[in-house]
Amino acid sequence: MTVTIAEELLLLALHDEKGTPLVAGTQLDPALAGALLAELAVNGRLELSDKKVTVTDPSPLGDSELDATLARIAEEGKERKPAWWVQRLQSAKLRRRLLTRLAESGVLTEQRGKVLGVFPTTRWPEASPDVEAAVRDRVAGALAGADPDARTAVLIAIAHAAKLDRKAFPEASRKRVKEIAEGAWTADAVAQTIAAINAVMITTITAATVAATTTTTG
């Protein structure tokens, strides 16, 4: 089956048996939003820079989540920075929609329960390992030294920015991850996309972490 970069990221971000996230929502949610923008850019629908997101081709890709995002950007009528869009696209609802899609396609299982018998909770353990295994094979090849394709490079870069790479690929070379995440190996268009998403992720995650810490201490 075909999954989006955001769904691939989500699979890497979940514990296979427990079905719980390996990183906090303040890291995961902006990463998923950034993955949507990056995939649209990789497919030639958007051009990303640190200052603006530009629609270069409004034609749909055939994926409901990506197409809705593209239409929303096209309808905005004003050029916005990538950070502006990530802040508006990120949400627990986006994460839930992607999780539900993966469950409906048989990749994950939705398990509802209650914490302490009172608070509702949902876990998403893996039902079929094939999709994630294929993703991991691609990533492993790139981390071993092969030139990654654009999708794989974006996936690694976003995982690195979300601080997910150390949990998802604990044995990977930090130097190689950083090399791919910085986009120095690839064509200008992909490198520009990676640079723009990295800048957004660092800004957004830092701001969310500071806000959460301030709320907790306050």
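Higher on the page you've got the structure.
What you see is a predicted model, and the numbers here were worked out from it, not measured in a lab.

J.: Describe in detail the nonpolar core, supporting the description with residues and values.
T.: Leu-37, Leu-46 and Ile-158 are the most contacted members of the largest nonpolar core, which totals 64 residues. Among the elements that line this core, the one with the most residues is helix α2 (residues 25–42), at 10 residues. For Leu-37, the residues in contact, after removing those within four places along its chain, are Leu-46, Leu-48, Ile-73, Pro-82, Trp-85, Val-86, Leu-89 and Ile-197.

J.: Lay out a nonpolar patch on the surface in plain terms, naming residues and giving numbers.
T.: A cluster of nonpolar residues, Val-115, Val-118 and Phe-119, forms a patch on the protein surface that exposes about 290 Å² of accessible area. Looking at the secondary structure, you find Phe-119 in strand β4 (residues 119–123). We classify Phe-119 as exposed; its relative accessible area is 52%.

J.: Would you mind going over the environment of Ala-150 in detail, with residue names and values included?
T.: Considering the arrangement of structural elements, one finds Ala-150 in helix α7 (residues 150–161). According to the relative accessible area criterion, Ala-150 is partly exposed, its value standing at 22%. Between the C-alpha atom of Ala-150 and that of Thr-54, which follows or precedes it by 96 residues, the distance is 19 Å. Those residues in contact with Ala-150, other than ones at most four positions away along the chain, are Val-42 and Val-190.

J.: Go over empty space enclosed by the protein, please, and point to the residues and values.
T.: Scanning all chains against the criterion turns up 2 cavities of 30 Å³ or more. Of the volumes computed, that of the largest cavity is approximately 40 Å³. What lines the largest cavity is Val-139, Leu-143, Ile-156, Ala-159, Asp-165, Phe-169 and Val-177. Looking at the lining of the largest cavity, the elements with two or more residues in it are α6 (130–143) and α7. Among the residues making up the lining of the largest cavity, the classes are represented as 6 nonpolar, no polar and 1 charged. Taken together, Leu-11, Leu-14, His-15, Asp-16, Leu-108, Trp-124, Pro-125, Glu-126 and Glu-132 form the lining of the second largest cavity.

Reading the values: rules and limits
- Residues numbered from 1 in each chain as written.
- Predicted model: local features only at pLDDT ≥ 70, side-chain atom pairs only at ≥ 80, totals over all residues.
- Heavy atoms only, no water.
- Core = buried A, V, L, I, M, F, W, Y, C linked by side-chain atoms within 4.5 Å.
- Buried < 20%, exposed > 50% of the residue type's maximum accessible area, 1.4 Å probe, protein only.
- Helix = DSSP H or I, 4+ residues; strand = E, 2+ residues; numbered from the N terminus.
- Contact = heavy atoms within 4.5 Å.
- Patch = residues over 30% accessible without salt bridge, like charges linked within 9 Å, V, L, I, M, F, W, Y side chains within 5 Å.
- Areas by Shrake-Rupley, 256 points an atom, 1.4 Å probe, with all protein chains shown as cover.
- Salt bridge = Lys/Arg side-chain N within 4 Å of Asp/Glu carboxyl O.
- 1 Å grid on protein atoms, 1.4 Å probe; cavity = no way out; pocket = protein on both sides within 12 Å on 5 of 7 lines; lining within 4 Å.
- Points joined across faces, edges and corners; volume = space filled by probe spheres on them.
- Nonpolar A, V, L, I, M, F, W, Y, C, P; charged D, E, K, R; others polar.

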